[in-house]
Each structure stands twice: as C-alpha cells, then as structure tokens.
Amino acid sequence: MSNLIEFGRMVLSYGLLMIIIVVLMALGLFIGIRMAGRRSAKALQESAEETGAPAPGEDA
C-alpha cells in the first residue's frame, strides 16, 4: 500500500512540474509575440516616415 501512495505522490509531483513548465512556456510565447508585434509596428512606422507616406492607421 505504501508503494501505491509513493507512486501517487510521484505522479502528482511530476504533473505539477509539467504544469509549471507549460505555464512558463506559454508566458514566454505570449511576451515574444507581443514584442515582435511592437517591433514590426515600429519598423513600419519608421519606414513610412522615411518615405513620407502615412503609416498604417494614420490619416493621409
């Protein structure tokens, strides 16, 4: 019976570790996508300023 309890504890322990890893990966992915979007928008705005064309979302 103690082996079964120990097995259950190990399964829960590794399950909790897996959940923590997945949450950290999702957070990193969200932050990375958000930063890439900001960088892309900034690059579009800078290129529009160089050419004299209005940036996307701006009125002409």
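Our subject is the structure that appears above.
Residues numbered from 1 in each chain as written. Predicted model: local features only at pLDDT ≥ 70, side-chain atom pairs only at ≥ 80, totals over all residues. Heavy atoms only, no water.

Novice: What is the right way to read the overall build of the protein chain from this model?
Specialist: What the protein chain contains, in helices and strands, is 1 helix and 0 strands. By residue count, 3% of the 60 residues in the protein chain fall in the buried class. Here the protein chain displays about 5600 Å² of accessible surface, and carbon together with sulfur accounts for 69% of that area. (Helix = DSSP H or I, 4+ residues; strand = E, 2+ residues; numbered from the N terminus. Buried < 20%, exposed > 50% of the residue type's maximum accessible area, 1.4 Å probe, protein only. Areas by Shrake-Rupley, 256 points an atom, 1.4 Å probe, with all protein chains shown as cover.)

Novice: Help me out: how do you make sense of the pattern of salt bridges in this one?
Specialist: Opposite charge on two side chains lets them pair, provided their charged atoms get close. Taken as a whole and assessed by the stated rule, the structure comprises 1 salt bridge. A salt bridge links E6 to R9; its shortest N-O distance comes to 3.4 Å. Note that E6 and R9 are positioned in helix α1 (residues 2-51) at a spacing of 3 residues, about one turn of the helix. (Salt bridge = Lys/Arg side-chain N within 4 Å of Asp/Glu carboxyl O.)

Novice: When you look at a nonpolar patch on the surface in this model, what are you seeing that I'm missing?
Specialist: The grouping of L16, I20, L24, L27, F30, I31 and M35 at the surface amounts to a nonpolar patch, some 710 Å² of accessible area in total. Examined against the element boundaries, L16 turns out to sit in helix α1. (Patch = residues over 30% accessible without salt bridge, like charges linked within 9 Å, V, L, I, M, F, W, Y side chains within 5 Å.)

By themselves, these are just geometric observations and shouldn't be taken as functional.
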